[in-house]
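# What the coordinates show
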Amino acid sequence: MSAIVMNQVVKTYPNGTSAVKGISLTIEPGSFTVILGPSGAGKSTLLRMMNGLETPTTGTVHVHNTLLTRKTLRTVRRTVGMVFQQFNLVGRLNVMTNVLTGRLAYRSWLGSMLHLFRAEDFEIAHEALARVDLSEKAWIRADQLSGGQQQRVGIARALAQKPSIILADEPVASLDPLTSAEVLDLLKSICKNDNIAVVANLHQVEYTRQYADRVIGINAGQVIFDGPPAALTDEVIEALYRRPEVIEEANHVAATTLAYA
Amino acid sequence: MAVKPLAAQSLPPLPPRPRNLMPIWATALIGVVWLAGVQLDISPKTLIYGWDDIVEYFSRYGHPDFSQAPSYVKLMLETIAMGFWGTIFAFVVAFFIAPFAARNLSPNAWTYNLAREALNFMRAMPDVLLALVFVASFGLGPLPGALALGVHTAGFLGKFFAESLERVDKGRYEALDAVGAGFSQKMMYAGWPSILREMSGYTLYILDRNIRTGAVLGLVGAGGIGIALYDTLRMFEYDQSAALLIILIVTIMLLDRLSSFVRGKLH
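Summary of the structure given here. (Residues numbered from 1 in each chain as written. Chains lettered and ligands numbered in written order. Predicted model: local features only at pLDDT ≥ 70, side-chain atom pairs only at ≥ 80, totals over all residues. Heavy atoms only, no water.)

### Section: helix α6 (residues 142–167) of chain B
Across its 26 residues, α6 of chain B extends 37 Å between first and last C-alpha, which sits within 8% of the 38 Å expected from 1.5 Å per residue. The largest bend in α6 of chain B comes to about 30°, at T153 of chain B. (Helix = DSSP H or I, 4+ residues; strand = E, 2+ residues; numbered from the N terminus. Expected span 1.5 Å × (residues − 1). Bend = angle between axes of the 7 residues up to and from the residue.)

Laid out in structure tokens, this is it:
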């Protein structure tokens with residue numbers, strides 16, 4: 001059973017911007033897939049359609065053979081973790097509570113109103129925190145942590161969901177190179193040891209070559225490359241990052257700068 | 001390359017400077033304010049001629065009489081209690097309506113508009129009028145006063161809360177959506193914790209405001225220190241009125257200290 005199946009997915013925003021222009025793809029369980037492409041290529045929209053944060057204009061998304069609809073949304077999301085560029089923790093709450101939010105979909109709204117959780121949920125959250133090596137920070141406010149630590153808390157929150165898929169939307173775009181490598185190592189080890197499919201958006205080619213099992217190259221809302229990182233030649237990269245209007249503008253800027261030098 | 005003097009460089013031309021309409025608006029505003037003053041007969045002359053009367057009138061309050069202080073303090077406590085209960089009522093109502101009055105959280109346009117109009121309605125009803133209505137239906141005493149304050153300020157608190165909830169970073173709500181949390185869980189784990197500081201600030205301000213207004217509501221029979229103030233003023237017992245006013249002012253000052261202390265604790 002495939003983890004995610006997208007069929008002819010199109011996303012056109014109300015303002016007429018067409019972010020994704022008919023993409024079909026299949027994500028296999030336990031794989032580490034990187035969606036690579038320049039900013040504005042539609043990577044984020046594509047990823048966000050995998051857990052219904054965006055609804056496709058046309059086309060379908062199946063997660064574990066369940067069609068994503070308004071009705072199935074919450075049950076599907078329960079087992080799909082998500083990691084964000086800006087971490088999206090609640091800074092005022094402590095690390096433990098942020099991780100425990102990963103358990104909310106398994107609990108009734110009434111039970112969770114008072115921030116009371118079952119012992120088993122604490123155990124799961126504790127495990128998740130230990131996994132990202134932040135157990136000792138459990139009772140510290142999330143906004144007291146460094147960026148890299150906050151992203152690890154974000155990963156722990158995803159792990160607390162006991163997910164079979166983790167979606168990572170530019171997980172290292174706000175981090176320095178050292179922490180970026182730590183976070184990607186962590187995601188990779190989670191993928192391999194826990195057999196969780198990871199789909200990550202990245203814009204750095206080096207990281208993609210280093211971590212991906214499979215690369216999906218996106219530009220202007222279309223898949224223009226799909227294969228193992230070894231097949232990611234310089235020609236492919238060049239095609240992936242080619243943006244005629246940007247190149248033209250760059251030439252123009254260079255010319256004007258020269259004129260005034 | 002040698003640096004040329006500034007004048008010798010041919011700088012790229014700036015785009016045309018946008019026209020600044022500020023002086024026109026400012027002149028228009030001053031004109032309107034002046035016209036309003038003329039219309040309402042507000043003139044410095046009246047103020048100067050009236051000055052002696054003002055001084056004379058206030059001098060009558062020069063000898064506060066605290067002989068009945070214990071009963072005044074009791075009335076003051078009643079007013080404080082009224083303000084508290086009004087604020088609690090307002091908080092509870094706002095807590096449940098505000099999420100629907102926040103554009104980014106409301107499930108659809110219909111609930112959004114309904115919630116907003118409900119808050120507008122509550123805000124638009126003057127609390128003195130509400131107190132009159134409630135006194136007529138529940139009888140004299142602090143209960144109708146508390147209710148009147150509660151209904152009126154629920155409209156304010158609800159609007160403040162809704163606006164704060166709208167300013168919370170949308171990623172925080174998305175993170176909760178992404179784990180599959182429901183609406184109320186999203187509020188308890190992303191919305192409210194994110195605005196805790198603003199929330200307590202607004203609530204303390206409303207409490208302060210409700211205690212001050214509560215003192216006035218006594219005038220329409222809604223209990224507390226207002227009734228005593230009204231009675232002494234009507235009987236021209238300036239010494240008693242002065243004592244009551246001093247108790248009121250000191251209470252408000254203490255409350256202000258208390259609320260900045262509490263606010264300082266939350267960060």
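### Quick look at the interface of chain B and chain A
Counting residues at the interface gives 27 residues for chain B and 33 residues for chain A. Across the chain B/chain A interface, buried area totals approximately 2,300 Å², and carbon plus sulfur atoms make up 57% of it. Among the residues chain B hides against chain A, the three largest losses belong to V179, Q185 and Y189 of chain B. Together they make up 30% of the total. Linking chain B with chain A are one salt bridge, by the criterion used here. (Contact = heavy atoms within 4.5 Å. Buried area = accessible area lost by both parts, 1.4 Å probe. Salt bridge = Lys/Arg side-chain N within 4 Å of Asp/Glu carboxyl O.)

### A closer look at the pattern of salt bridges
Residue and element names in this part refer to chain A. For the coordinates displayed, the defined rule picks out 22 salt bridges over all chains. Note that K188 is salt-bridged to D213, the shortest N-O span being 3.4 Å. Remark: D213 occurs in the loop between α8 (205–211) and β9 (214–219) and K188 occurs in helix α7 (residues 177–194); sequence separation between them is 25 residues.

### Let's talk about unusual backbone geometry
A positive phi is found at Q8 of chain A, a non-glycine position, where the angle reads about 45°. Relative to the assigned elements, Q8 of chain A resides in strand β1 (residues 4–12).

### Considerations on the environment of N20 of chain B
Within the secondary structure, N20 of chain B is located in the segment before α1 (22–39). At 2.9 Å, the side chain of N20 of chain B and the backbone nitrogen of M22 of chain B are in polar contact. (Polar contact = N/O pair within 3.5 Å; in protein donor to acceptor, adjacent residues only side chain to side chain.)

### Regarding the layout of surface pockets
As a volume, the largest pocket reaches approximately 1,000 Å³. Considering the residues around the largest pocket, the lining is formed by 29 residues, among which R70, L73 and R77 of chain A together with D177 and K186 of chain B are closest to the centre. Mapped onto the lining of the largest pocket, the elements with two or more residues apiece are α1 (43–49), β4 (58–63) and α2 (73–78) of chain A together with α7 (170–178) and α8 (183–194) of chain B. It is α7 of chain B that provides the largest number of residues to the lining of the largest pocket, a total of four residues. Among the residues making up the lining of the largest pocket, the classes are represented as 12 nonpolar, eight polar and nine charged. (1 Å grid on protein atoms, 1.4 Å probe; cavity = no way out; pocket = protein on both sides within 12 Å on 5 of 7 lines; lining within 4 Å. Points joined across faces, edges and corners; volume = space filled by probe spheres on them. Nonpolar A, V, L, I, M, F, W, Y, C, P; charged D, E, K, R; others polar.)

### Quick look at the sheet that holds β1 of chain A
Taking strand neighbours across the sheet as the criterion, the four strands line up as β2-β1-β4-β5 (chain A) in an open arrangement whose pairing is antiparallel. Lying at the two open borders of the sheet, with one neighbouring strand each, are β2 (18–27) and β5 (66–67) of chain A. (Pairing = 2+ DSSP bridges.)

### A short note on the nonpolar core
Judged by nonpolar contacts, the single largest core of 92 residues is most densely connected at V99, L129, I155 and I166 of chain A together with L165 and W192 of chain B. Looking at this core, the element that brings in the most residues is α6 of chain B, giving nine residues. Apart from the residues within four sequence positions on either side, I166 of chain A is in contact with G81, V83, A158, L159, L187, I190, I196, A197, V198 and V199 of chain A. Counting 32 residues, the second largest nonpolar core, distinct from the first, contains V9, I27, M49 and I165 of chain A. (Core = buried A, V, L, I, M, F, W, Y, C linked by side-chain atoms within 4.5 Å. Buried < 20%, exposed > 50% of the residue type's maximum accessible area, 1.4 Å probe, protein only.)

### Brief notes about the packing of aromatic side chains
For the structure shown, the criterion picks out 18 aromatic pairs over all chains. Ring plane angle 65° and centroid distance 5.9 Å describe the contact between F117 of chain A and Y189 of chain B, whose orientation is recorded as edge-to-face. Of this pair, F117 of chain A sits in the loop between α4 (109–112) and α5 (119–131) while Y189 of chain B sits in helix α8, which puts the two residues in different chains. Under the relative-accessibility criterion, Y189 of chain B is labelled buried at 0%. Judged by centre distance (6.4 Å) and plane angle (50°), the rings of Y207 of chain A and Y211 of chain A are tilted. Here the residue Y207 of chain A and the residue Y211 of chain A both occupy positions in helix α8, the gap between them amounting to four residues, near one helical turn. Of the residues examined, Y207 of chain A reaches a relative accessible area of 13% and is grouped as buried. The class of Y211 of chain A is buried, set by a relative accessible area of 3%. Taken together, the aromatic side chains of Y57, F58, Y61, F236 and Y238 of chain B make up a single cluster linked through ring pairs. (Phe/Tyr/Trp six-rings, centres within 6.5 Å; stacked < 30°, edge-to-face > 60°.)

### Quick word on the sheet that holds strand β10 (residues 222–227) of chain A
Residues and elements named next belong to chain A. Pairing within the open sheet is mixed, and its six strands lie in the order β6-β7-β8-β3-β9-β10. Since the sheet does not close on itself, it has two edges, and those belong to β6 (80–83) and β10, each with one partner. Here the average twist between neighbouring strands, direction ignored, is 15°. As defined by bridge partners, strand β3 (residues 32–36) adjoins strand β8 (residues 197–202) across five bridges and the pair is classed as parallel. Within β8, the residue paired with I35 across the bridge is N201. Against the sheet, helix α6 (residues 147–160) makes contact with β6 and β7 (165–168), and its axis sits at roughly 170° relative to β6, the strand it touches most. Each of β3, β7 and β8 touches α7; the most contacted strand, β3, lies at about 135° to it. (Axes fitted to C-alpha atoms, helices over the stretch in contact; angles between N-to-C directions.)

### Considering empty space enclosed by the protein
In this approach a probe as big as a water molecule rolls over the atoms, and the regions it shows empty are the leftover space. All names here are of chain B. Counting across every chain of the model gives two cavities of 30 Å³ or more. Considered as a void within the structure, the largest cavity measures approximately 50 Å³ in volume. Lining of the largest cavity is provided by A101, R116, L119, N120, R123, K159 and A162. Mapped onto the lining of the largest cavity, the elements with two or more residues apiece are α4 (109–124) and α6.

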